[in-house]
Structure formats: structure tokens, C-alpha cells
Amino acid sequence: MSPRPGLEPTALCAEQAKSLANTARCLRKAERELGPVRYCFQDPSKEGLSAIFAWKRQKFRETGGYDVLAAAWIRDLFDVLWRWPAPGFGLVFSTLYFGDRLAAGEVYLRAGDQMHAWIAAYDRDLAVYAPGHILTDKMLDAAPTHGVRVVDFGAGNDDYKARWCLSRRPIREAVVYGASISGRMREAMGAQWRSAAAKLGPVNTVLSRARGLTDHIFSTHGNWAAGAVAFAAAAWDRRRVSA
């Protein structure tokens, strides 16, 4: 899903225009009640980035989602990209403040004139002001002035992304298995998934979600044992949340 910043407002459908007007009302409410609203396209604050990660991880715990930020190598990757020296490539950390208070943040990976959304989180004590929507609006307004032509929101969560989407494109997914024992076991499991999905019809939806979680977890961890432990923890979290 690829919103293209800089297009004329007339390209928006009526539902999108209504949503943007609603977000503008939330912004005015925040300014009246909390102070000036400040946006930063590339915030240098590592403390702010840590706060966004903490909010995101808390949401994972509360919803039973898999905490991808728990893996140390992923946090290290963010740190490397944060310090990447090449211009036009690396992390873009956009933030929104109400007064002096951090309200929301979004992390993107930038390559040239395109950005891909990675992580977004907001202070849920401020949810009534829709800080996440305000932040995305301001980011799309500012992106062209920073040389960004396309902002790719990725797949999923269509209702949320439809607020800004002006074009869509197909996304293909693939899994590459390593030559290790863990990789071979996962490849065999993948074959079993495909065989079961072909036979079970409607149950395929449930299997697809389970497989997606499995691939997500074992791709995050470097060995079978660590992946198994993480999978058990994720299954327990989902059971706890649904109870």
C-alpha cells in the first residue's frame, strides 16, 4: 500500500477527506488542551526512540502479539541503521510532541526517494487526540520537502492505511531456508503446512496464521532451541490474552 505524498487533495476520496478533517479537529483540540503541537521529520533523540520501542513492546504483551523487538540482534540492527553514514539511506524517526511531551513516533527505513514503514507507536494516555493519525498526516505533508516520493505502508491493517492510500501494488512473500539443521526442519514443516492447507479448505486461514507466526519467530531466532522457547512463550501470551 503506497501513499504518494505531494498529490493534489482532489485525489482523495470523500471518506479519506472526512478522516483527514477529523484528524485536524483532534490536532486543534490537542493544541487547546496540551500546548503547541510540534512535528519532527528526523528526530535525533535516542531516548525518544527507546520510548517508542517500549510502547510497542507493551502493546505486544497486552495483545499477545509476537515481540520482534525482544531479539538483541534486531535492536542492534536498528542501532546500526540509526548511525548509517550514507546519505539517503537509513532510519527515519518521525515524532510528534504535544507541548514538551512525546505523543507518537514512527520509524521508517529510507532508500533514496522511498520510505518503508517499520514501527509506529503512541502514548495511549493521549489516544483521545489521535496522535498517530496526526503524526502520519504531518509526515506525508513533510516528506516531499525531504526528497521522499513514495511512502510504503506495507501489507495488512487496510482500514488504518486506507486513510492515506492513493495507490496499491501487489506484494509477494517468500521464505528462504538456511542449510542448517534448523533450516531443514523448517523447510520440512513448510511442506507439511502446504499439504495440510490443500486438504483442509476453510481451515487454511487458521493454518496460515499459525504458519505466519511460526516463520516469524524462527526467522527472528538464530537456532531451533531459541525459536522453540520463543514459540512456546508466544503461544502462552496469546492464550493469556484470549482468556
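Description of the structure in this document. For every chain, the first residue of the written sequence is number 1, and numbering continues from 1 onward in sequence order. Owing to the predicted nature of the model, reporting of local features is limited to residues with pLDDT of at least 70; listing and counting of side-chain atom pairs is limited to 80 or more, with chain, interface and lining totals taken over all residues. As a rule here, side-chain values cover all heavy atoms of the structure and leave hydrogens and water aside.

Re the overall build of the chain
Numbering goes from the N terminus for both helices and strands, where a helix is a DSSP run of H or I of at least four residues and a strand is a run of E of at least two. Along the backbone of the chain there are eight helices and five strands. Each helix (α) and strand (β) of the chain, taken in turn from the N terminus, gives the series α-β-α-α-β-β-β-α-β-α-α-α-α. When burial is assessed residue by residue, the chain has 37% of its 243 residues classed as buried. Whether two residues are in contact is decided by their heavy atoms: any pair within 4.5 Å suffices. Within the chain, contacts between residues at least 6 apart in sequence are counted, and of these 66% link residues at least 24 apart. All accessibility values rest on the Shrake-Rupley procedure with a 1.4 Å probe; residue burial counts only the protein chains present in the view. Only carbon and sulfur atoms are counted for the fraction: they give 57% of the accessible area of the chain, which is about 14000 Å². Summary of the burial criterion: residues with accessible area below 20% of their type's maximum are buried, those above 50% are exposed, and those between are partly exposed, where the area comes from a 1.4 Å probe applied to protein chains only.

With respect to the pattern of salt bridges
Salt bridge, as used here, is a side-chain nitrogen of Lys or Arg placed within 4 Å of a carboxyl oxygen of Asp or Glu. The full count for this structure, using the stated rule, is seven salt bridges. Among the salt bridges present, the one from Glu-62 reaches Arg-124, with a minimum N-O distance of 2.7 Å. Placement of the pair is Glu-62 in helix 2 (residues 46–63) and Arg-124 in the loop between strand 4 (114–122) and helix 4 (131–142), with a sequence separation of 62 residues. For Asp-113, the salt bridge identified is with Arg-149, shortest N-O distance 3.1 Å. Pair noted here: Asp-113 is in the loop between strand 3 (101–111) and strand 4 and Arg-149 is in the loop between helix 4 and strand 5 (150–152), with a separation of 36 residues, a long-range link. For Asp-113, a relative accessible area of 30% gives the class partly exposed. Members of the salt-bridge network, linked through shared partners, are Lys-46, Asp-79 and Arg-83.

Describing the sheet that holds strand 4
Pairing between strands requires that DSSP locate at least two bridges from one strand to the other. The five strands are arranged 1-2-3-4-5 in an open sheet whose pairing can be described as mixed. The sheet terminates laterally at strand 1 (37–40) and strand 5, the two strands that pair on one side only. Taking the axes of each pair of neighbouring strands and ignoring which way they run, one obtains an average angle of 25 degrees across the sheet. Pairing analysis gives eight bridges linking strand 3 to strand 4, with the strands arranged antiparallel. Looking at the pairing, Leu-109 lines up with His-116 of strand 4. The axes used here are C-alpha line fits, helices contributing only the stretch in contact, and every angle between their N-to-C directions lies in the interval 0 to 180 degrees. Sheet contacts for helix 2: strand 2 (89–98), strand 3 and strand 4; angle to strand 3, the most-contacted strand, approximately 95 degrees. Contacting strand 1, strand 2, strand 3, strand 4 and strand 5, helix 4 runs over the sheet at an angle of about 45 degrees to strand 3.

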